[in-house]
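# Topology and contacts: notes
Take a look at the letters that make up each chain.
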Amino acid sequence: MKNMKLIGEIKKIEKEEKVKVLFLIESGSRAWGWESEDSDYDIRGVYVQDYLVVEEVKKQIDGSFDNLDITLWDFRKFLQLMIKSNPSVWEWLSSDIIYIENPLRKKLRKIFERDFNKTKLKKHYVSMAMQNFHKYINKIGDTANLKKYIYVLRSVACVLWIEKYKSPPPKNYKKVIGLLPKNIKKFFEKIILEKRKSEGLSGKRNKEAENYIISFFDKDFENDKDKFNVNELNKLFKDILK
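For the structure given in this document, a descriptive report is provided here.

The rules behind these values
- Residues numbered from 1 in each chain as written.
- Predicted model: local features only at pLDDT ≥ 70, side-chain atom pairs only at ≥ 80, totals over all residues.
- Heavy atoms only, no water.
- Helix = DSSP H or I, 4+ residues; strand = E, 2+ residues; numbered from the N terminus.
- Rg over C-alpha atoms; globule rule 2.2 N^0.38 Å.
- Buried < 20%, exposed > 50% of the residue type's maximum accessible area, 1.4 Å probe, protein only.
- Contact = heavy atoms within 4.5 Å.
- Areas by Shrake-Rupley, 256 points an atom, 1.4 Å probe, with all protein chains shown as cover.
- Lys, Arg positive; Asp, Glu negative; His and termini not counted.
- Charge placed at Lys NZ, Arg CZ, Asp CG, Glu CD.
- Core = buried A, V, L, I, M, F, W, Y, C linked by side-chain atoms within 4.5 Å.
- Phe/Tyr/Trp six-rings, centres within 6.5 Å; stacked < 30°, edge-to-face > 60°.
- Lys NZ or Arg CZ within 6 Å of the ring centre and 35° of its normal.
- Pairing = 2+ DSSP bridges.
- Axes fitted to C-alpha atoms, helices over the stretch in contact; angles between N-to-C directions.
- Expected span 1.5 Å × (residues − 1).
- Arc of directions from axis to C-beta.

The number of helices and strands found in the protein chain is 10 helices and 7 strands. Taken against the 2.2 N^0.38 rule, which gives 18 Å for 242 residues, the C-alpha radius of gyration of the protein chain at 19 Å falls within 12% of a compact globule. Taking the principal axes of its C-alpha atoms as reference, the protein chain extends roughly 55 × 45 × 30 Å. Counting only residues that meet the buried cut, the protein chain has 50% of its 242 residues in that class. In the protein chain, the proportion of contacts linking residues at least 24 apart, taken out of those at least 6 apart, comes to 71%. Entry remark: accessible area of the protein chain is about 13100 Å², with carbon and sulfur atoms responsible for 50%. Placing the 50 positive and 36 negative side-chain charges of the protein chain at their respective mean positions leaves the two points 4 Å apart.

Now for the nonpolar core. Core analysis: the largest hydrophobic core is formed by 63 residues, its most contacted members being F75, L108 and L180. For this core, the leading source of residues is helix α7 (residues 147-165), giving 12 residues. Contact partners of L108, with chain neighbours within four places excluded, come to F75, F78, L79, M82, L93, L233 and L236.

All chains considered together, the criterion is met by 18 aromatic pairs. A centroid spacing of 4.3 Å and a plane angle of 40 degrees characterise the contact between W161 and Y165, whose relative ring orientation is tilted. Taken together, the residues W161 and Y165, both in helix α7 and 4 residues apart, mark about one turn of the helix. Following the ring pairs from residue to residue traces out a cluster consisting of W32, W34, Y151, Y173 and F188. Sitting over the face of the ring of Y41, R30 holds its NZ or CZ atom 3.9 Å from the ring centroid. The lysine or arginine in question, K148, covers the ring of Y136, its NZ or CZ lying 4.0 Å from the ring centre.

A sheet is described by the order of its strands in space; here 5 strands give the open sequence β3-β4-β2-β1-β5, paired in mixed fashion. One side of each edge strand has no neighbouring strand; the edge strands of this open sheet are β3 (60-65) and β5 (98-100). Looking at each pair of strands side by side, their axes are set apart by 20 degrees on average, direction ignored. In this sheet, β5 lies alongside strand β1 (residues 19-27) in antiparallel orientation, the contact comprising 2 bridges. Residue pairing for β5: I25 is matched across the bridge by I98. Helix α3 (residues 75-83) rests against β1, β2 (41-49), β3 and β4 (68-74) of the sheet, and its axis sits at about 80 degrees to β4.

Attention now moves to helix α8 (residues 182-195). What sets the pattern is the α-helix's 3.6 residues per turn: residues three or four places apart point alike. Its 14 residues give α8 an end-to-end C-alpha distance of 20 Å, which sits within 8% of 20 Å, the value for a rise of 1.5 Å per residue. Of the residues making up α8, those classed as buried are I184, F187, F188, I191, I192 and K195. Projected onto a plane normal to the axis of α8, the buried residues spread over an arc of 140 degrees and lie on a single side. In this structure, α8 carries K182, K186, K190 and L193 as exposed residues pointing more than 90 degrees from its buried face. Turning to α8, the residues buried within the fold contact α2 (29-32), α7 and α9 (207-214).

With that settled, the discussion passes to unusual backbone geometry. Residue K18 is not a glycine yet carries a positive backbone phi of 60 degrees. Along the chain, the position of K18 falls in the loop between α1 (3-17) and β1.

Let us look at the pairing of β4. The element β4 is extensively covered by neighbouring structure, given that 6 of its 7 residues are classed as buried. Of the pairings in the sheet, the one linking β2 to β4 comprises 7 bridges and is parallel in character. Bridge pairing in β4 links R44 to T71. With 6 bridges joining them, β3 and β4 adopt antiparallel strand pairing. Looking at the pairing, I61 lines up with L72 of β4. Between β3 and β4, which follow one another and run antiparallel, lie 2 residues, and D66 among them has a positive phi close to 55 degrees.

In structure tokens form, the structure reads like this:
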């Protein structure tokens, strides 16, 4: 992808929606390290706008252009979800593929790493695994789109990472799947090899992997405390508007 094409689309969005994009990154399969040749670009970013208006502020802007899938969040929404240790916030802050950088993103990443609630982040990842499992694997017959297993299993591996290292999980899948059982890891890697050829990948369901995944759905986690300093985040919000 040519960055100029993407930046051109972002400039159009800024003009039409009257917003200013603070940072812009790649999320999804390309950031996780398992993209195929025909994978879309999952573009994610955060913007600010004029908050001193009568109209409702825009909390989210979505767009698409060719193979670009664009989702932008209002900065206030982003911070509100950050306080809840939302995994999408962490995924955006930890991405290594950056189209528009801002020192603010690095500050927010350090704050998230320091203050995130381990219990909430683990439960979020379990919820993501459950949703994808039930939607794409559990109720669709004897075969499934095998690439959905890697999305579910990555979420499970992220839970294992948080439990073992007490830190948010790394972005690239290779750093987390080593925590999966040997047979499950082997199944994961086999799908990755096949997926690199094409996004469409149908095959027989893997009951061993499914039973392992399901074992996390009712898992109890030790409670953690909320540690985010709202005053600190309020100051960052106000400073960026100056």
